[in-house]
Structures are given as C-alpha cells and as structure tokens.
2 protein chains.
Amino acid sequence: ARPKVGYYYTGKNTLSLLTEQVNRIKVKDVQSVPVVVTTGTSAYDAVVTMFLEDVGSVYVVEPGGILGGVVSRKDVLKVAMGGSDLHKMPVKVLMTPVTKIITTTPEEPILTAAKKIIDNEVDSLPVVVPANLRGNKVHEHEVVGRLTKTNITRVFVEIGEGRGGDSYG
Amino acid sequence: ARPKVGYYYTGKNTLSLLTEQVNRIKVKDVQSVPVVVTTGTSAYDAVVTMFLEDVGSVYVVEPGGILGGVVSRKDVLKVAMGGSDLHKMPVKVLMTPVTKIITTTPEEPILTAAKKIIDNEVDSLPVVVPANLRGNKVHEHEVVGRLTKTNITRVFVEIGEGRGGDSYG
C-alpha cells in the first residue's frame, strides 16, 4: 500500500476557520445603495419613494447628505391609521431622529453589524462615515449605504453554497 | 522533540464542511410562530394585529388553519394611501392569494428556504404542512410557522460566532 499524504493538524477547527472567513467580510462588501429623502419632504412623498424603490424605510438627510433620521413603513402606517393627512405632514415629524438610530460603517465586519440588527430588532442599518464638511459638529455623519437583513440573507446563501468569505474583500 | 500528533487530510476543505454543517439546519429549527388572522377580518384589524405582534405581515387562514393568503404592511399602506376605509375592507380583498405565495416546509434545509426568500424577493415564507383534514383538496396547506430574514440573520450571527450547525437538529 502506498502511504497516504499526511497533514499536521493546525489546532484550528473547521468552525474557527469559518468564523475567520466570515469575519473577513465587511459591510462595504455587501451593502445596498441608500434611499434618501430630504427633511422638507412630506410623509406622503416619503411613502411614494418607498414604493418606487421598493424599500421598507428611507433615510432623511440634511444638506451634505448628513443623516437626520429614518422613516419606515411602520411609522407611516401608524400615522395613516390615525387619520392624519400625510400630504401636510413633514417626514421630520414622524421620523426616528438620528440620536436614536443604530448605525454601521463601511469597514465594520458584517458579523458585528448583523448582531446589531438582531440585538436592536431593526430591519436595516444606515452605513455612515464621519461628515468631513467644514464646520460640522463631530457627531454628524454622512449616509453612504444601507445594510439590510436581505444583504445578510444573501451572504448566508452564498456561504452555504460554498462561495465563502474569499469572494469578498 | 516529541512527535506532533498527525492527522490525515480527508479531502474535504473547510468550506465543504461548513456547507455540510449549514445544510443540517432545517426550517423547523429556526422558524417563528405564525401570526394569523381569519378571512373575515377587516384590513384595519389586520394592521392592529401587525402592530401588536410587531410583524411585517400576517397570514390569512381559513377554518382548520388552512393558508388562504398573506397581507403585508406594504399591501395595507398602499390601500390606505388610496384613501380607502380600512374598517370596511376585508383582508381577503387586499391579500396575496395562496396560489401566488412561495412557501417552505419544516423539514426543508434553511439554505434552500433562504434562497427562496432571495430569489423571490419576499420578507418571509409561511411554513406549511399538507392539511390532513377529511375531504380536503390535495393542494391545501396548514400554516405551522413563519420563516423570516430575521431568523436567517440570527443563524448567520450564531454560525459566525462559532456556534454552528451542531447547535441545531
């Protein structure tokens, strides 16, 4: 019998190799284009944008692409149920303000971002970078993308089909 | 020097082991409880149920838990925008009928189900079993759960953190 080719065990198990691979995938590798409206937009027009773009939420931005808030289908539906006139209502009134929004960044590992989505029970995270406009306050952020559960589900399918972390980055 | 403990390479790479592990996870291992309303429910009451249960869609069932259709926030929002009175509108009018719904089963690998979600651009799949009531038509199905992108995202986080397919089944 010919000798088998032997390997030495490296001390890493399959799962830790997998974890390493998943950890190489960053938010910027899988994020979607953000759908935004400006602060002066009416709730009605925000809904129209949601339908046209087929997204569950839109980001409300101030001049310079600065994140001001998020409006979801749920927010609008609640107001519509209450009988308010959405034409006369600015999104600013019903949006979740930026101070209460969980965000991610392009360089964040997708695993960390996915954990934020689960822990905070949200559908998507705005992908932000510090705004570098002159005179901006330190806490202001520009929206450059959005990370959704759809993005994560797609990565899951790709990894499960054997197209792993090596396809990214 | 003491000899290292040697292993023989099995011919399987990390990724195929991972794929095997992911493929052991079935829909029934991760599914959520379905939120249902009956066919006679008004669109308004369906929305109230969505808010109380904090879900993006509810399943419309006929007697015996038979799946009749699905109503999403998007469906209701569209109708509300049009100015219809949701109190007077039965969900039956705005639901997506069962003939057009993509479903999954408890025993389906989660990877296959996740692929259905991505390929069909839906947020969730009803988990169904053949209805075994006397005299039922062959194509009737009872709803036993719902599989959402949240369920998939949670599995992704668990696998990425090193709690893999072995935790399931």
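Cut-offs applied
Residues numbered from 1 in each chain as written. Chains lettered and ligands numbered in written order. Predicted model: local features only at pLDDT ≥ 70, side-chain atom pairs only at ≥ 80, totals over all residues. Heavy atoms only, no water. Salt bridge = Lys/Arg side-chain N within 4 Å of Asp/Glu carboxyl O. Helix = DSSP H or I, 4+ residues; strand = E, 2+ residues; numbered from the N terminus. Buried < 20%, exposed > 50% of the residue type's maximum accessible area, 1.4 Å probe, protein only. Contact = heavy atoms within 4.5 Å. Core = buried A, V, L, I, M, F, W, Y, C linked by side-chain atoms within 4.5 Å. Pairing = 2+ DSSP bridges.

Residue and element names in this part refer to chain A. Scanning all chains against the criterion turns up 15 salt bridges over all chains. Ionic pairing is found between lysine 26 and glutamate 107, a salt bridge with its closest N-O pair at 3.3 Å. Remark: glutamate 107 occurs in the loop between strand S5 (96-97) and helix H6 (110-120) and lysine 26 occurs in the loop between helix H1 (14-23) and helix H2 (27-30); sequence separation between them is 81 residues. For lysine 26, a relative accessible area of 28% puts it in the partly exposed group. A relative accessible area of 44% means that glutamate 107 is categorised as partly exposed. Of the charged contacts, one joins glutamate 108 and lysine 116 as a salt bridge, the two residues approaching to 3.1 Å between their closest N and O atoms. Using a relative accessible area of 14% as the deciding quantity, one classes glutamate 108 as buried. Three or more residues are tied together by salt bridges with common partners; here these are Lys26, Lys28 and Glu107.

A word on the side chain of A:Ser57. Assignment of secondary structure puts A:Ser57 in strand S3 (residues 57-62). With near-sequence residues (within four places) excluded, A:Ser57 lies in contact with A:Met50, A:Val70, A:Val71, A:Ser72 and A:Ser124.

Side chains of a nonpolar character, in soluble globular proteins, are inclined to be buried together. The biggest cluster of nonpolar side chains holds 40 residues, and the ones touching the most others in it are A:Val58, A:Val71, A:Val76, B:Val58, B:Val71 and B:Val76. If you list the elements that add at least two residues to this core, you get helix H3 (43-53), S3, helix H4 (73-81) and helix H5 (91-94) of chain A together with helix H3 (43-53), strand S3 (57-62), helix H4 (73-81) and helix H5 (91-94) of chain B. If we ignore the near neighbours within four places in the chain, the residues touching B:Val71 are B:Met50, B:Gly56, B:Ser57, B:Val58, B:Val60, B:Val76, B:Val91, B:Leu94 and B:Met95. Counting 36 residues, the second largest nonpolar core, distinct from the first, contains A:Ile118, B:Val27, B:Val30 and B:Val157.

Residue and element names in this part refer to chain B. Taken across its seven residues, strand S4 (residues 66-72) has seven buried, putting it largely inside the fold. Pairing geometry for S3 and S4, over six bridges, is antiparallel. Note that in S4 the partner of serine 57 across the bridge is serine 72. Remark: three residues form the turn of the hairpin made by S3 and S4, two consecutive strands paired antiparallel; glycine 64 in that turn has positive phi of roughly 90°.

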